[in-house]
Amino acid sequence: ALLISDIIVVTSQKVKNELLDLNWSITAPVVVIPLGAYKSEVSLNKNVIISKVKKFIAVSTIEPRKGYAISLDAADMAWRDGADFIYIIVGRYGWSQTKLRERILSHDLYGEKLIWLEDIDDTELAELYEMSKYLIFSSIDEGFGLPPLEAMSRGVPVVADEIEALMRG
């Protein structure tokens, strides 16, 4: 298919170089389009607390394999010990997480230190990354994780679970 394509789109210069190094007879232009990584100049217009308090962001659909209960348990322990940070969850409700959704929405700190944004655009997400101290990526079963790449492209450190260790118990 590559040999008869009109254009080939890849996600990084590294992939482009590797493709071209194959020495195939590719005549189509190879274009690099990074996945979701861009800087924003637009102000966030959602009800997010804009303050000097550290912000931890988690970006992903709320569904069983994303590990949100794990990170919320950790946040609860830290808050009980007096830690001062805001935990912002960005993502739509997916499936099979009714108890977690109820836990978030009825949380004592919901709207103050625990924020859930279900519907923001890419520009708003970019600004949230820019103001965040860490990305929390507590996925317990994940393939390609775009949020860590988006965070790292902005210099935001990523806190992630080691999936293999979780699977071993």
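Throughout what follows, the structure given in this document is the object of discussion. (Residues numbered from 1 in each chain as written. Predicted model: local features only at pLDDT ≥ 70, side-chain atom pairs only at ≥ 80, totals over all residues. Heavy atoms only, no water.)

A word on unusual backbone geometry
So, step 1. If you check the backbone angles, Ser 96 has positive phi at about 55° while not being a glycine.
So, step 2. As for its placement among the helices and strands, Ser 96 is situated in the loop between β4 (85-90) and α3 (98-105).
So, step 3. On the basis of relative accessibility, which here comes to 58%, the residue Ser 96 falls in the exposed class. (Helix = DSSP H or I, 4+ residues; strand = E, 2+ residues; numbered from the N terminus. Buried < 20%, exposed > 50% of the residue type's maximum accessible area, 1.4 Å probe, protein only.)

Topic: helix α5 (residues 146-153)
So, step 1. What α5 keeps buried is the set Pro 147, Pro 148, Glu 150 and Ala 151. All buried residues of α5 fall inside an arc of 160° around its axis, so they share one side.
So, step 2. Residues of α5 that are buried sit in contact with β3 (54-59), α4 (122-131), β6 (134-137) and β7 (158-160).
So, step 3. The positive-phi residue at the C-terminal boundary of α5 is Gly 155, with phi of around 80°. (Arc of directions from axis to C-beta. Contact = heavy atoms within 4.5 Å.)

Description of the sheet that holds β3
So, step 1. What the five strands build is an open sheet, ordered β5-β4-β3-β6-β7; its pairing is parallel. Every interior strand has two partners, whereas the edge strands, β5 (114-117) and β7, have only one. Ignoring which end each strand starts from, the neighbouring axes of this sheet average 25° apart.
So, step 2. Where β3 meets β6, two bridges bridge the pair, whose relative direction is parallel. Residue pairing in the sheet places Phe 56 in a bridge with Tyr 134 of β6.
So, step 3. Contacts from α5 reach β3, β6 and β7, with the element oriented near 170° to β6. (Pairing = 2+ DSSP bridges. Axes fitted to C-alpha atoms, helices over the stretch in contact; angles between N-to-C directions.)

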